[in-house]
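Spelled out from the first residue to the last, the chains are:
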There are 4 protein chains.
Amino acid sequence: MKEIGVGVIGTAFMGKAHALAYAVASAAFGDGLKPRREVLCDISAQRGKAKQKEMGFARFTTHYMDVINDPAVGLISICAPNVVHKEIAVAALTAGKHVWCEKPMATSVAEAEEMLTAARASNCQTMLGYNYTQNPLVHAARQLIEEGAIGRVIGFHGIYDVDNEADPDRPHSWRMNRQASGCGVNADIMCHLVSMAHFMTGSEVTRLVGDYDTVHKQRSDPKHPGQTLPVDNDDVCTALVHFASGIRGTLRVSRVAWGRKCGLRWEIHGSQGMICHDQERLNEIKLYTRSEDPRQQGFRTILSGPCHQPYDAFLPNAGHTLGFIEVKACELNQLLIAITKGEPAWPSFEDGIKIERVMDAIDRSVLSGQWLDV
Amino acid sequence: MKEIGVGVIGTAFMGKAHALAYAVASAAFGDGLKPRREVLCDISAQRGKAKQKEMGFARFTTHYMDVINDPAVGLISICAPNVVHKEIAVAALTAGKHVWCEKPMATSVAEAEEMLTAARASNCQTMLGYNYTQNPLVHAARQLIEEGAIGRVIGFHGIYDVDNEADPDRPHSWRMNRQASGCGVNADIMCHLVSMAHFMTGSEVTRLVGDYDTVHKQRSDPKHPGQTLPVDNDDVCTALVHFASGIRGTLRVSRVAWGRKCGLRWEIHGSQGMICHDQERLNEIKLYTRSEDPRQQGFRTILSGPCHQPYDAFLPNAGHTLGFIEVKACELNQLLIAITKGEPAWPSFEDGIKIERVMDAIDRSVLSGQWLDV
Amino acid sequence: MKEIGVGVIGTAFMGKAHALAYAVASAAFGDGLKPRREVLCDISAQRGKAKQKEMGFARFTTHYMDVINDPAVGLISICAPNVVHKEIAVAALTAGKHVWCEKPMATSVAEAEEMLTAARASNCQTMLGYNYTQNPLVHAARQLIEEGAIGRVIGFHGIYDVDNEADPDRPHSWRMNRQASGCGVNADIMCHLVSMAHFMTGSEVTRLVGDYDTVHKQRSDPKHPGQTLPVDNDDVCTALVHFASGIRGTLRVSRVAWGRKCGLRWEIHGSQGMICHDQERLNEIKLYTRSEDPRQQGFRTILSGPCHQPYDAFLPNAGHTLGFIEVKACELNQLLIAITKGEPAWPSFEDGIKIERVMDAIDRSVLSGQWLDV
Amino acid sequence: MKEIGVGVIGTAFMGKAHALAYAVASAAFGDGLKPRREVLCDISAQRGKAKQKEMGFARFTTHYMDVINDPAVGLISICAPNVVHKEIAVAALTAGKHVWCEKPMATSVAEAEEMLTAARASNCQTMLGYNYTQNPLVHAARQLIEEGAIGRVIGFHGIYDVDNEADPDRPHSWRMNRQASGCGVNADIMCHLVSMAHFMTGSEVTRLVGDYDTVHKQRSDPKHPGQTLPVDNDDVCTALVHFASGIRGTLRVSRVAWGRKCGLRWEIHGSQGMICHDQERLNEIKLYTRSEDPRQQGFRTILSGPCHQPYDAFLPNAGHTLGFIEVKACELNQLLIAITKGEPAWPSFEDGIKIERVMDAIDRSVLSGQWLDV
């Protein structure tokens, strides 16, 4: 059993998710490349020290370059803020380290291009954390589509609604300022939806028209009670899209959609059927295929099971439920296989930049009020 | 108990639905204006004669002007093909007869304007058959919204998918030819979605950008085996829309969406909650409102019941299910009340023309590739 | 088109439902026997007179024998209280009138036997109002089962929960007194569940053990504020059952189940599949059949449509929803066909008495604490 | 951060689940007692050696006494076949080791009593692997009930259906022989349902009547093609039950229920509401509570989130989904807290024997055909 030393940069939601994925990968997936937790990086020494022990790392540091320069480390998880993805990724790839980078790839297409250039110049594998595409059931859905289960793909329609910022009384934050954070949902969650659109259709968005809505235009200033600050980026982002394959579709995301906690829902329309998914029920897909007997026609609710590999890495029986962490481990497993084989997994930086360009085109379309090519 | 003589023009799906609504209205709604079935009109004398007896009408005719000129008739149902809506409606209104006209209102905005002019010149009530808006539970949802149950309305998102033409092997028909029938789904079912958008938001679409997709571009020629004919109108129609009230939203309809039988689904996003509906489960709405206790938060599935009036006209207990015909009778009841009171119900021709203009603007937007005002 | 004069005894929930069914039957079902509304009976002359006009009957009376003796009447709807079912049914059948009797059949097996004797001595058709079994989709489910869609039937499990009496603060009523009304739910709603069990399995319950629970043992006395009266019949009734065919199952009903409005849910387990229904979604069945490809296995949600006849009597398109009244009209249609053909429909009094015997056996089983033969 | 050495006996489904739980516990739960993977035991040296590396244990052995005698081991996972639970548990407890034992506790009440005696004689904590009760959302449901969210508990109704043996063509196995394996589903999965009934009601079953059904009475003999062997234990087991608290309910389990993969569904009926769960959607509960406004009443679908602790140990956002392994880790966490505090968690051997006695009473009730006290 071969091992690879890993370092994780960042210890918040995603840092912890990566750590948990590293913790279970070998026990779940068996005799592949085994991650060995070497270094954890947090800008706070106190937190880093505590987390290092809890998360099972051999060492900790407060400087990300220590992780990159650590000779025991071969794979680096970038779970730090988006604004530093580029500098860390470029440094890691330049140092010959494989990179597992959280989404979105970067804060601009220009940055993403630098990252891609560094990846191409290296012999390293890269993977972006579009975890929803790594669900074994979603992979199975894609495979069924490729086998023709719903005929020719004729449309993709996707929504990603959450209610993180739905409360009008939530105070203003840097996320709501275009200068500080760029786009709102068009950066933060549209990328998940575009990744799903690209993955499921096997094609990519090439032309679009978009729209923004800032629903809550003023929010209370957390520093000055009684005063408000303007929100100047998008609470809602929508687009009509065309794909390279010729199909068309719609994209819609919102951070102010009460009741949706992880409301990533999509439908693939086909010439002979339809397949749908709702991330809040990640262990189910809905499949409609034509039946000989119209009396028996209907959407099937398919529960994830061991036939939807690699569900079987965790559970031998269907209907027993994978969770976010198991799916994150499946994502890691794709990367470990890529490293072993020396062949990229999806989505590498090559795939990621196509996602970034769609969001960039949406932004330009909204500002210009026009249909645009990506 | 006052009565009103009614005539129905057309005996297909909608003609039958109107006849059934007239048959149950008085027994269901009690002491209001009571419809008395006088004349049924069908261009086939044979069919008209048979249907007259089955449907409980006193007479039948093959000429619609016989219905209009019948002195016993005060209310006329127009269930004939769309291309004749205008001439029948104008004649009926000119003759001083109230009009219940099926959707869409007409085949062009110009026609619809003629109809509206005739309505304004009369003392008659008009109603358009946007039956999905007449569901007691939908009315209750609107009332809850007006009472502030979900705060300020911040967005409307609607879909209407059906699979009537999903089968690529279905032969070509006049519906698929732009010259013969005008738009495809942008005429046939978009009107339902726009009616719902207007009804639920209490506002109207004023600006939009639209897109069409013709998914199955050739269909077999039913008259010449082995040959095909081009489909040159829209299988799918999508739009990003702005409303007069300032909110924004999306509209999407398709006739090639396998598995959707009456897939009219909409969401109203509010500043304090959300409310959703799926026409295939017309007796349920989903309501999310903020809860004091986050542990108990979730979408509520509300079953229709007697508190959602006039459900109680049919059933004294909740959860016992209204069907299409009961809802159609609720629609009729709105019109009968309007006639009694001499005040319009929603949607009259005044409301209907606003719906037509949205579809017209979508068509122009697609052809010009631009955002347009309605 | 042949006609039959009908009389309805009772004008409450079920009287109205019968009147509505009579109103739509001919328009919906076309050229069969056409009901002609002759006499309506209500013990209140004032209410009877008002309802007669609303419901479209030619006459009204306050004496049920006037209905029976009316020479224009050939079919009588018994929608009066359970305690008078027997005397009305026997008189009607003796007078040679067909009978459509609401459920439960009677208040004792002895009464039901008298009714059956009268039916056998007549040339008349009888039908009991077990409306849930008359849903076109339920008929289709039964037909699919008979065709082997789920293999051999191996079990029936049914629940009927409602919340009519769930509120502990609801005052005492005659329904809660065993002497006044006999059993509680074992009379009122267990009959629906047993009718479904018999219909769907094509067999009948022959052996069982039952249990009661009186959850709210005291309720406020509506006549004496501050005082309570004991509830001495069953709020909940459960049973383990064996069928003549050899299969086994469970039955459970409750009137104190918060949130269930018409919660009649059943599952038919088969050797090759399963089929399930929930009356609150009467237009859907769930069907599971084995699939060649385990990746695609799942319960199908089948929407009612015109292929589930006679749904097509009301609507030409699937997914457009039948309601309680349409289903009641389907029930009537079965009876009209039976009268026309001179052959019984299901459930006649022959079928009904088997249902009564199951409830009687449950009652005896609870009181004796033993497994019993029906 | 204190540590405890752990040994796992068995490497199949449950052995792997325990190993994964040990792998993630510290990273997820932070600064509690940290498990240190010491010894893995498998009767196959080859498999044990491979799994030891994959699963991150320091050593492996083929003899369970090596685990028990290992001075570095303080906590032992018993994931071996049911027939050896007793001997391993007694030996481990006698050696002063804490025990985490998979379900069912033993193969007889007598064995379970020996285990309990050993536990009482020790200073060790015990926990049984009734994982479905350890779901954070289920814990939250129980807490809500204790706080009065649904008023007084008035009933428990539970089902556990799976389709493991639904295929009549599956060959005979030892599981289908009463002599070899004891009861069928009354041993294997009824225990899960009873554990849930006890946990959710805070009470225990004290009186019952049960029934078995052997649906597929002959199965093919895997050793003698063309021949069959009899199935002489229960494919289906049902019971009517009374609880110590006075409430009543029903239990039903089946291994031949097509389409159910992990179909553990339960309802708690309360005097002011209802709460329901379906294990196939483990991240959702349905809650109905009375509303002031009947128009807004309905079952709420609550998604698991960080407010349902310790969901927050894995994920900071609601709706992101826990899986089987996360829940198993929550179970482990309960045990680690119990060890730290020196106070039992639920379900210890004290709780487990009450579960065993219910299954034993069901078996005796079926054989005697009588209601019995547990």
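Residues numbered from 1 in each chain as written. Chains lettered and ligands numbered in written order. Predicted model: local features only at pLDDT ≥ 70, side-chain atom pairs only at ≥ 80, totals over all residues. Heavy atoms only, no water.

**Concerning the pairing of strand β13 (residues 263-270) of chain A**
Residue and element names in this part refer to chain A. Counting buried positions over the 8 residues of β13 gives 8, a clear majority of the element. Residues of β13 alternate between two faces, with Gly263, Arg265, Glu267 and His269 on one and Leu264, Trp266, Ile268 and Gly270 on the opposite face, all of them buried. Across 5 bridges, β13 lies against strand β14 (residues 273-278) in antiparallel orientation. Across the sheet, the residue bridging to isoleucine 268 is isoleucine 275, located in β14. Here β13 hands over to β14 after 2 residues, the two strands then running antiparallel side by side. (Buried < 20%, exposed > 50% of the residue type's maximum accessible area, 1.4 Å probe, protein only. Helix = DSSP H or I, 4+ residues; strand = E, 2+ residues; numbered from the N terminus. Pairing = 2+ DSSP bridges.)

**Looking at the domain arrangement of chain A**
One widely used convention gives an interface's size as the accessible area the parts lose upon coming together. Residues and elements named next belong to chain A. By domain assignment, chain A separates into domain 1 (3-131) and domain 2 (133-373). On a C-alpha basis, the centres of domain 1 and domain 2 stand 24 Å from each other. Each partner contributes to the interface: domain 1 provides 40 residues, whereas domain 2 provides 41 residues. Both sides of the domain 1 and domain 2 interface together cover about 3,500 Å² of buried area, and 72% of this is carbon and sulfur. Inspection of the region where domain 1 meets domain 2 yields 4 salt bridges. If you look at where domain 1 meets domain 2, you find 11 residue pairs in polar contact (both at pLDDT 80 or more). Counting only elements with at least two residues in the side of domain 1 that touches domain 2, the list comes to α1 (13-29), α4 (85-94), β5 (98-101), α5 (109-121) and β6 (126-128). In terms of residues, the side of domain 1 that touches domain 2 owes the most to one element, α1, which gives 11 residues. The residue makeup of the side of domain 1 that touches domain 2, split by class, is 30 nonpolar, 6 polar and 4 charged. (Domains from an automatic or database assignment. Contact = heavy atoms within 4.5 Å. Buried area = accessible area lost by both parts, 1.4 Å probe. Salt bridge = Lys/Arg side-chain N within 4 Å of Asp/Glu carboxyl O. Polar contact = N/O pair within 3.5 Å; in protein donor to acceptor, adjacent residues only side chain to side chain. Nonpolar A, V, L, I, M, F, W, Y, C, P; charged D, E, K, R; others polar.)

**What about unusual backbone geometry?**
Residue proline 104 of chain B follows lysine 103 of chain B across a cis peptide bond; omega there is -10 degrees. If you trace the backbone, proline 104 of chain B turns up in the loop between β5 (98-101) and α5 (109-121). At threonine 321 of chain A, a residue that is not glycine, the phi angle is positive and equals roughly 80 degrees. Residue position: threonine 321 of chain A is located in the loop between β16 (299-303) and α10 (324-341). Note on threonine 321 of chain A: relative accessible area 3%, which makes it buried.

**Points about the relation of the copies chain C and chain A**
At an RMSD of 0.0 Å, chain C and chain A line up after a rotation of 180 degrees and a shift of 0.0 Å along the axis. The transformation just described matches what one would write down for a two-fold rotation axis. In terms of C-alpha distance to the rotation axis, chain C has arginine 300 of chain C as its closest residue, with the C-alpha 2.0 Å off the axis. Both copies contact each other with a shared surface, as 100% of the interface residues of chain C are interface residues in chain A too. (Least-squares fit on C-alpha atoms with pLDDT ≥ 70 in both.)

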